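Residue-level structural notes
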Amino acid sequence: MIELSGIRHTILDISALRIPFGTTSVIGPNGSGKTMLLKLLAGIFLPHSGTVRIDGVPPRKTETGWVNEFPDRNILFGTVIDEVASSLRFRHLPDRDVKITVEKLLDSMGISPLRGRPVCDLSGGEKVLVALAAALVHTPRVLVLDECDSHLDNYRARQVERIVQERAIPYVIRCTQQVESAIRSDHVIYLENGRVAYEGVPGEVFARLHGTPFYPLTMECGI
Ligand SMILES: Nc1ncnc2c1ncn2[C@@H]1O[C@H](COP(=O)(O)OP(=O)(O)OP(=O)(O)O)[C@@H](O)[C@H]1O
């Protein structure tokens, strides 16, 4: 269980929140604090007050993968293979093991043909897949995806969902404006002005959002 307690940080004001195992989608209006919440969960920022614990441990002591909306900002190396291998090389793993692990991962994600390509020449969607591979290569316990679906076509967005599901990562926390995909999560958090307005299983949360722009069309149409 991920537990937040007494959080005050910029816009965020969350007295208590528990996030269970599985995939959690964080939704809400622009500026409601979604990215800030994800940054606290990933340990990128420490809260001004309050605590975040992942199975009792602070985020910075937990293996965490992070993919953001603009993967270019996180990409450090020239070629796809070097970018994906970087976190294993930083841990001084033997070259042969790094190569085998990276090749296997790229293959399982269907992006082996990109391996030697310069990252800067890739399309936006391809860059997201490379950033995702770099986040997955060290088998994170927590995977945080900050609107990484915003530049993906429907095929790629489903591909990313499938790749993540296959890994059976204990906690996947994503923020998204795609409420149709949030329905497929195990848990949904709806933020408003930095506070948790609603949270729970998708059916419960979206029932509270009926009549708002956050109510999924598929539910409106009874699909
Ligand atoms: N480092 C910071 N210091 C102070 N305020 C910040 C900081 N980062 C973000 N904010 C503010 O906190 C609020 C929430 O920002 P955040 O990026 O978390 O919103 P969001 O829900 O992800 O928005 P969007 O849907 O537009 O991406 C915004 O008003 C933003 O200006």
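Our subject is the structure that appears above.
The rules behind the values
- Residues numbered from 1 in each chain as written.
- Predicted model: local features only at pLDDT ≥ 70, side-chain atom pairs only at ≥ 80, totals over all residues.
- Helix = DSSP H or I, 4+ residues; strand = E, 2+ residues; numbered from the N terminus.
- Expected span 1.5 Å × (residues − 1).
- Buried ≥ 20, exposed ≤ 12 C-beta atoms within 10 Å, placed from the backbone.
- Arc of directions from axis to C-beta.
- Pairing = 2+ DSSP bridges.
- Axes fitted to C-alpha atoms, helices over the stretch in contact; angles between N-to-C directions.
- Contact = placed C-beta atoms within 7 Å.

For the rest of this paragraph, the subject is helix α5 (residues 154-167). With 14 residues, α5 should reach 20 Å at 1.5 Å per residue; the first-to-last C-alpha distance of 20 Å fits that figure. When we look at burial in α5, the residues that qualify are Ala-157, Val-160 and Val-164. One side of α5 carries all its buried residues, which in axial view fall inside an arc of 60°. Facing away from the buried surface of α5 by more than 90 degrees, the exposed residues are Asn-154, Tyr-155, Arg-162, Gln-165 and Glu-166.

Take the sheet that holds strand β1 (residues 2-9) next. Pairing is antiparallel across the open sheet formed by three strands, whose spatial order is β2-β1-β4. Of all strands in the sheet, those bounded by a partner on one side alone are β2 (12-19) and β4 (49-54). Mean inter-strand twist for the sheet, computed between neighbouring axes without regard to direction, equals 10°. Bridging between β1 and β2 involves seven bridges; their strand directions are antiparallel. If you follow Glu-3 over to β2, its bridge partner there is Arg-18.

A few words now on the sheet that holds strand β9 (residues 195-200). Strands sit in the order β5-β6-β7-β3-β8-β9 across an open sheet of six strands; the sheet is mixed. With one partner strand each, in any of the chains shown, β5 (64-67) and β9 form the two edges of the open sheet. Neighbour-to-neighbour, the strand axes of this sheet turn through a mean angle of 15°, independent of strand direction. As defined by bridge partners, strand β3 (residues 22-27) adjoins strand β8 (residues 187-192) across four bridges and the pair is classed as parallel. Opposite Thr-24, over in β8, you have His-187 as the bridge partner. In the packing of helix α1 (residues 34-42) onto the sheet, the strands contacted are β3, β5, β6 (142-146), β7 (171-175) and β8, and the crossing angle to β6 comes to about 155°.

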